[in-house]
Amino acid sequence: MYAKFFGLKQEPFSIAPDPRYLFMSERHREALAHLLYGVRGGGGFVLLSGEIGAGKTTVCRCFLEQIPKRCNVGYIFNPKLTVDELLQSVCDEFGIPVPHRGPGVATVKDYVDALNEFLLKTHAVGQNNVLIIDEAQNLSADVLEQLRLLTNLETNERKLLQIVLIGQPELRTMLARPELEQLAQRVIARFHLEALSATETSQYIRHRLAVAGMGKSSPFDDKAMRRIHELSRGVPRRINLLCDRALLGAYSAGRSNVDREIVEKAAGEVFGKPQAAGGGRSAYRREAVLGLGLVLGATLFGVVSWATGDPDSKAPQIAALSPVASAASAPSAAPASAAAASSPLPVAYDLKARFSSLAGDEAQAWRALAPSWNLTLGDGDPCRAAQQQRVHCFRHSGSSLALVRQLGRPGILTLYDDARGRAGFAVLTGLTDDSATLRIGDRSQTVPLASLAGMWHGEFATFWRAPPGYGYGYSGSVASAGPAADWLAAQLAAVQGDALPGDAPLKSKVHAFQVAQGLTPDGLAGPITLMQINRAAGVDEPRLLGER
């Protein structure tokens, strides 16, 4: 409708996955690299997760186009199936006939036997087999367990079936359950596809306009671009919906440019929250005042409860959101409210007001962390005592929450009260999208990440199990020879299968593993890389709880 008005050959923001409009951000390229690495990994699971509309299907389409030759692919996009239905779908996808003896319908054994025969035959002629399951967050626990059992089909050299699970963030939460630990240990590569940054959002919009035939400057001004990123949260599908409606709105008004006012109005139309033109700032102010009132009310209740000696009193449950976050997430406010009503959030712990309750020195914090690792540290140097039990201390001063999530283990946060110039230590035991669980004294306390951000400067410490021959105080990477190198080679062989030739240099194997795990690919097996190898290989180490 508006294409000719803006000098376009076609409307550029359709939500249909048109390959002509493919835009691969750095994140999408990394996700694709993980899938391609995983498919050469000799069996097991590869995991790709991301928010709705983040581009998982786009990455999967690119992946299918680059599948190596002599590779058979099965694709299941409706995983709400029973175990029998799943096995039938797998056999149908690979074109496997399923003979059945006796009365009734085919049994699980019939399907598994036929699949095993097919996998052995294709392996004998040098073919690989990849099963891709989309929307995998909908898989039941029984079906996931059956998938794990399918990866038991193997020869002496390799597993015969590679399974790629693609799903929403809940998929990561599912695989963190204790009952799915065996499956989680078979994930040889995983990647979470984040939304586009503000810069990438602008690049994405300009790219689609150019493909659609835009020969002049973009109709979206800089303020409109920034607002699109805020309202869409960098999710490509939401960007398409918003930009399409904004261009239609500008066309209807006879305007050749799209400004912030038009974007605000378009957002109300497509995301379901009506907004008066130009009302963005006043809406922010109203939500800021409301949010401040809620937070002050919750804080007052907490102070009264504390003063009366009843810290566990039940209070109204309030999720503290910044005004900007509240406005940006307005489209999903109704579902979030419904979820909050069914699962009340715990009252946030006022960390700043009770800063003195934190551990006063690091040694005390190490001893508080030790029980998670079944360590006995005594009264001396905690790290030397741990090292005698083949557990090492790790300290990192430039950490981010992304790194902490990636390491996925309890640790020590160094927190600062800048106003009073003092430091304290808390044991981090859990981490969600919006809060952290800290063990302070003998209690677990929930702290909003927004509050934690003002007190944590990136100092994180934790324990990790070292390989044989990794001596105390060793801060570099594993050498190319010796007991630690032998252990490293064996663990990588178990995790990677035959992704790389057996005679490939150890550094190349480490580099490939780092790429698959989203680590800095320098080929050096330092503490962070070794922690991730431990996790992939199933080494017994405690996990950070509540990640989703």
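See the structure shown above.
About the thresholds
Residues numbered from 1 in each chain as written. Predicted model: local features only at pLDDT ≥ 70, side-chain atom pairs only at ≥ 80, totals over all residues. Heavy atoms only, no water. Helix = DSSP H or I, 4+ residues; strand = E, 2+ residues; numbered from the N terminus. Buried < 20%, exposed > 50% of the residue type's maximum accessible area, 1.4 Å probe, protein only. Contact = heavy atoms within 4.5 Å. Areas by Shrake-Rupley, 256 points an atom, 1.4 Å probe, with all protein chains shown as cover. Disulfide = S-S within 2.5 Å. Salt bridge = Lys/Arg side-chain N within 4 Å of Asp/Glu carboxyl O. Polar contact = N/O pair within 3.5 Å; in protein donor to acceptor, adjacent residues only side chain to side chain. Phe/Tyr/Trp six-rings, centres within 6.5 Å; stacked < 30°, edge-to-face > 60°. Axes fitted to C-alpha atoms, helices over the stretch in contact; angles between N-to-C directions. Parallel < 35°, antiparallel > 145°, perpendicular 65-115°, else oblique. Nonpolar A, V, L, I, M, F, W, Y, C, P; charged D, E, K, R; others polar. Pairing = 2+ DSSP bridges. Arc of directions from axis to C-beta.

A. Broad picture of the overall build of the chain. Secondary structure summary: the chain contains 21 helices and eleven strands in total. For the chain, with 548 residues in total, the buried portion stands at 45%. Put simply, of all contacts in the chain between residues at least 6 apart along the chain, 71% involve residues at least 24 apart. Taken as a whole, the chain presents about 26,600 Å² of accessible surface, with 54% of it coming from carbon and sulfur.

B. Broad picture of the state of the cysteines. Scanning the model with the defined rule gives one disulfide in all. Through a disulfide, Cys 383 is tied to Cys 393; the S-S separation comes to 2.1 Å. Taking the sign of the S-S torsion, about -105 degrees here, the bridge from Cys 383 to Cys 393 comes out left-handed. Of this pair, Cys 383 sits in helix H16 (residues 382-387) while Cys 393 sits in strand E6 (residues 391-396); the two residues are ten residues apart in sequence, bridging distant segments of the chain. The exposure class of Cys 383 is buried, given its relative accessible area of 7%. With no disulfide of its own, Cys 62 lies 9.3 Å from the sulfur of Cys 60, the closest cysteine sulfur. Judged by relative accessible area, which is 7%, Cys 62 ranks as buried.

C. Spotlight on the environment of Ala 195. Take Ala 195: it is sitting in the loop between strand E5 (187-193) and helix H8 (198-211). For Ala 195, a relative accessible area of 25% translates into the label partly exposed. If near-sequence neighbours (up to four positions away) are discounted, Ala 195 is found in contact with Arg 27, Arg 233, Gly 234 and Val 235.

D. Main features of the pattern of salt bridges. Within this structure, the stated rule accounts for 14 salt bridges. Note that Arg 148 is salt-bridged to Glu 145, the shortest N-O span being 2.6 Å. Taken together, the residues span about one helical turn, with Arg 148 and Glu 145 both in helix H5 (residues 141-150) at a distance of three residues. For Arg 148, a relative accessible area of 7% corresponds to the buried category. By relative accessible area, which is 28% here, Glu 145 ends up partly exposed. Residues Glu 230 and Arg 227 are paired through a salt bridge, measuring 2.7 Å at the closest nitrogen-oxygen approach. In this pair, Glu 230 and Arg 227 are both assigned in helix H9 (residues 222-232), three residues apart and thus about one turn of the helix distant. Exposure remark for Arg 227: the relative accessible area of 1% places this residue in the buried category. Salt bridges linked by common partners bring Arg 227, Glu 230, Arg 260 and Glu 264 together as one network.

E. Representation of the side chain of Gln 168 in the model. Structurally, the position occupied by Gln 168 is in the loop between strand E4 (162-167) and helix H6 (170-175). What makes Gln 168 buried here is its relative accessible area of 15%. Polar contacts involving the side chain of Gln 168 include one to the side chain of Glu 135, which spans 3.4 Å.

F. Up close: the packing of aromatic side chains. One pass over the structure, following the stated rule, counts eight aromatic pairs. With 6.2 Å between their ring centres and 80 degrees between their planes, Tyr 2 and Phe 6 make a pair best called edge-to-face. By relative accessible area, Phe 6 is classed as buried at 1%. Seen from their ring centres, Trp 373 and Phe 463 are 6.0 Å apart, and the 70 degrees between their planes marks the pair as edge-to-face. With Trp 373 in the loop between helix H15 (362-369) and H16 and Phe 463 in strand E11 (residues 456-465), this residue pair connects regions lying 90 residues apart in the sequence. Of the residues examined, Phe 463 reaches a relative accessible area of 0% and is grouped as buried. By way of ring pairs, the aromatic residues Tyr 2, Phe 5, Phe 6 and Tyr 251 are connected into one cluster.

G. Layout of the packing of helix H20 (residues 506-517) against helix H21 (residues 527-537). Between H20 and H21, the least distance of the axes is 11 Å, while the angle of their chain directions is 75 degrees. Between H20 and H21, the crossing angle belongs to the class labelled roughly perpendicular. In this structure, H20 contributes Val 510, Phe 513, Gln 514 and Gln 517 to the contact, and H21 contributes Thr 529, Gln 532, Ile 533 and Ala 536. Here the contact of H20 with H21 is built from residues that sort into four nonpolar, four polar and no charged.

H. Quick look at the sheet that holds E5. Spatial ordering of the open sheet is given by E2-E3-E4-E1-E5, a layout of five strands whose pairing is parallel. Each edge of the open sheet is held by one strand with a lone partner, namely strand E2 (71-76) and E5. Each adjacent strand pair in this sheet contributes to an overall mean axis angle of 15 degrees, direction not counted. Direction of pairing for strand E1 (residues 44-50) relative to E5: parallel, over a ladder of six bridges. Looking across to E5, one finds that Gly 50 is bridged to Leu 193.

I. Inspection of the sheet that holds E11 at higher detail. In spatial order, the strands read E6-E11-E7-E8-E9-E10; together these six strands make up an open sheet with antiparallel pairing. If you trace the sheet from one side to the other, it starts and ends with E6 and strand E10 (443-448), each paired once. Taken over all neighbouring pairs, the strand axes of this sheet differ in orientation by 35 degrees on average, direction set aside. Where H15 meets the sheet, its contacts fall on E6, strand E7 (411-417), strand E8 (422-431), strand E9 (435-440) and E11, and the angle it forms with E11 comes to roughly 50 degrees.

J. Summary view of helix H3 (residues 83-93). Those residues of H3 not exposed but buried are Val 83, Leu 86, Leu 87, Val 90 and Cys 91. All buried residues of H3 fall inside an arc of 135 degrees around its axis, so they share one side. Lining the buried residues of H3 we find E2, helix H4 (108-124), strand E3 (128-133) and H5. One or two positions beyond H3, positive phi appears at Gly 95, with a value near 65 degrees.

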